[in-house]
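Commentary on secondary and tertiary structure
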Amino acid sequence: MSSLLFRVAVRDAIATEMRADSNVFLMGEEIGLYNGAYKASQGLIDEFGKDRVIDTPITEYGFSGLCVGAAFAGLRPIVEFMTFNFAMQAIDHIVNSAAKTLYMSGGAINCPIVFRGPNGPPGNVGAQHSQCFASWYAHCPGLKVVAPYTSFEAKALLRAAIRDDNPVIFLEHESLYGMEFDAPDNEDSKLLPLDKAIIARAGTDITITAFSKSVDLALRAADTLQSQYGISAEVINLISLRPIDRATIVASVKKTGRILNIEEGWAACGIGAEIMAIVVEDAFDYLDCEPTRISTADVPMPYAKNLEALALPDQLKIIDTVRAMCGHS
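Keep in mind that what you see is a predicted model, and the values were worked out from it rather than measured. Counting restarts for each chain: residues are numbered from 1 in the order of the written sequence. Only residues with pLDDT of at least 70 are given local features in this predicted model, and only at 80 or more are side-chain atom pairs given and counted; all residues enter the totals for whole chains, interfaces and linings. The basis for every side-chain value is the complete set of non-hydrogen atoms in the structure, without hydrogens or water.

Points about the overall build of the protein
Inclusion rule: The secondary structure listing takes helices from DSSP runs of H or I that are at least 4 residues long and strands from runs of E that are at least 2 residues long, numbered from the N terminus. Each residue's exposure class comes from its accessible area (1.4 Å probe, protein chains only) as a fraction of the maximum for that residue type: buried when under 20%, exposed when over 50%, partly exposed otherwise. It only takes one pair of heavy atoms within 4.5 Å for two residues to be counted as in contact. With residues, only the protein chains shown are counted as cover, and all accessible areas are computed by Shrake-Rupley using a 1.4 Å probe. The charge count treats Lys and Arg as positive and Asp and Glu as negative. His and the chain ends do not count. To locate a charge, the coordinates of NZ of Lys, CZ of Arg, CG of Asp or CD of Glu are taken.
When helices and strands are counted, the protein shows twelve helices and 14 strands. Overall size of the protein, expressed as C-alpha extent along the three principal axes, is 60 × 40 × 40 Å. Within the protein, the proportion of its 329 residues that are buried is 55%. Of all intrachain contacts in the protein linking residues separated by at least 6 positions in sequence, the fraction that spans at least 24 positions is 80%. About 13,600 Å² of surface is accessible on the protein, with carbon and sulfur atoms providing 53% of the total. Each charge sign in the protein was given a centre, from 27 positive and 40 negative side chains, and these centres are 2 Å apart.

See below:
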């Protein structure tokens, strides 16, 4: 095993696929000469030049539409949003063009494109820069939506996403860019499927589902629950949010009898709401208590650090909720 920085994993995935396929190119704000706002494209313009690593003005609607058209013509664009909060500027191209054209053309026109960038609250940047858009895009047929947690997942999933013939929403988390994770020594040769969850920690008493940064919270809470309270929590790293891996979730709940979802999005119409519905539909008779979710408070994200901490999921909230679900006072 070796360690791999998350932002380096993203950069390496893009570089590997650009070397393998001349139709792949990267477009976005400050991705070239500045090497990316989070240095996830560092050095790419030096290797591939300004014709394939293309700096843009601050106009998400414009460069996203350009890339969707390029994908229709057979190229494989990677669109970087400096933050997914600004992807709403381009949502017409993403949802009405990229996601629907294969269906509306009777299967004649593919749209092999990746929309990627940081998603979710990175910390103390206010309401307009702290939103999790996972459920927005997971709601839409025609899109694939993935959210990696580790560096290996980021690299193996992004390479698979670039090769996919469908539009893929690739949600990174700003707070993960600077984190190092163990990666297998042969990670360069591996791809991961875009439709499978993984069991990040096996357990028998409760299932905890999470994605992206929330997996870290879930794993840390699970360690404390085991060591201090003897509660064995199984943690599922969802990875794929559309399609969601129903089979892995349901099999786990049938084993544990309980489920708790953690997410940094709002509860209303969120990923947790979908998971609760899946469990009630497919594993209701196995439940020992009501399916439960912990989400960000139903308010625009506060800027003040103390209020932001109160609004977000944290380990203590997870631990207290799990203890109550498992009958520990």
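A closer look at helix α8 (residues 213–229)
The criterion, for reference: Multiplying 1.5 Å by the helix residue count minus one yields the expected span of that helix.
Taking 1.5 Å as the rise per residue, α8 with 17 residues should run 24 Å; its terminal C-alpha atoms sit 24 Å apart, in good agreement. Those residues of α8 that sit buried are Ser214, Val215, Asp216, Leu217, Ala218, Leu219, Ala221, Ala222, Thr224 and Leu225. On its buried face, α8 is in contact with β9 (198–201), β10 (206–210), β11 (233–237), β13 (259–266) and α12 (315–325). Positive phi appears at Gly230, one or two residues downstream of α8, with a value of about 70 degrees.

Quick look at the pattern of salt bridges
Condition: In the sections that follow, a salt bridge refers to a side-chain nitrogen of Lys or Arg positioned within 4 Å of a carboxyl oxygen of Asp or Glu.
By the definition in use, this model includes 15 salt bridges. Across the salt bridge formed by Arg159 and Glu17, the nearest N and O atoms sit 2.8 Å from each other. In this pair, Arg159 sits in helix α7 (residues 151–163) while Glu17 sits in helix α1 (residues 6–20), placing the two residues 142 residues apart along the sequence. With a relative accessible area of 7%, Arg159 lands in the buried category.

Some remarks on the packing of α8 against α12
The test is simple: Helix axes are fitted only over the stretch in contact, all axes being lines through C-alpha atoms; the angle between N-to-C directions runs from 0 to 180 degrees. The cut-offs work like this: below 35 degrees is roughly parallel, past 145 is roughly antiparallel, 65 to 115 is roughly perpendicular, and the gaps in between are oblique. Note: crossing handedness is left-handed where the near helix turns anticlockwise from the far helix by less than a right angle, and right-handed where it turns clockwise.
The interhelical angle for the contact between α8 and α12, taken along N-to-C directions, is 50 degrees, at an axis separation of 9 Å. Considering the angle they form, α8 stands oblique to α12. By crossing handedness, the relation of α8 to α12 is classed as right-handed. Each of Leu217, Ala218, Arg220, Ala221, Thr224, Leu225 and Tyr229 in α8 lies in contact with α12, whose residues at this interface are Gln315, Ile318, Ile319, Val322 and Arg323.

What to know about the packing of helix α9 (residues 246–256) against helix α10 (residues 271–283)
To keep it simple, the criterion reads: Amino acids are sorted into nonpolar (Ala, Val, Leu, Ile, Met, Phe, Trp, Tyr, Cys and Pro), charged (Asp, Glu, Lys and Arg) and polar (every other residue, Gly among them).
At their nearest, the axes of α9 and α10 sit 10 Å apart, and the two run at 65 degrees to each other. Relative to α10, α9 is oriented so that their crossing is right-handed. Here α9 contributes Arg246, Ile249, Val250, Val253 and Lys254 to the contact with α10, which in turn contributes Glu274, Ile275, Ile278, Val279, Glu281, Asp282 and Ala283. Along the lines of polarity and charge, the residues of the contact of α9 with α10 split into seven nonpolar, no polar and five charged.

Looking at the packing of aromatic side chains
In plain terms, the rule: Any pair of Phe, Tyr and Trp rings, taking the six-membered ring for Trp, is counted once the centres come within 6.5 Å. Such a pair is stacked with planes under 30 degrees apart, edge-to-face with planes over 60 apart, and tilted for the rest. Lysine and arginine charges are scored as sitting over a ring when NZ or CZ, respectively, is within 6 Å of the ring centre and within 35 degrees of the ring normal.
Throughout the structure, instances matching the rule amount to eight aromatic pairs. Between Tyr38 and Tyr177 the ring centres are 5.1 Å apart and the planes differ by 15 degrees, which places this aromatic pair in the stacked class. Taken together, the residues span a long stretch of sequence, with Tyr38 in the loop between β2 (24–28) and α2 (44–48) and Tyr177 in the loop between β7 (168–172) and β8 (180–183) at a distance of 139 residues. An angle of 35 degrees between the planes, with centres 6.4 Å apart, marks the rings of Phe63 and Phe81 as tilted. Of this pair, Phe63 sits in helix α3 (residues 60–72) while Phe81 sits in the loop between β4 (76–80) and α4 (91–98); the two residues are 18 residues apart in sequence, bridging distant segments of the chain. The exposure classification of Phe63 matches that of Phe81, with both residues buried. Members of the aromatic cluster, joined through ring pairs, are Phe63, Phe81, Phe84, Phe115 and Tyr137. Here Lys39 stacks its cationic end above the ring of Tyr34, 3.9 Å away from the centre of that ring.

Thoughts on the sheet that holds β4
For clarity, the threshold we go by: DSSP bridges decide pairing: two strands pair if at least two such bridges lie between them.
With mixed pairing, seven strands are arranged side by side in an open sheet as β3-β2-β4-β5-β7-β6-β12. Edge positions in the open sheet fall to β3 (53–55) and β12 (240–242), since each of these has one partner strand only. Pairwise comparison of adjacent strand axes, ignoring direction, gives a mean angle of 20 degrees for this sheet. As defined by bridge partners, β2 adjoins β3 across three bridges and the pair is classed as parallel. When the sheet's bridge partners are listed, Met27 is paired in β3 with Ile54. Where α3 meets the sheet, it contacts β2, β4 and β5 (114–118), and its direction lies at approximately 165 degrees from that of β4.

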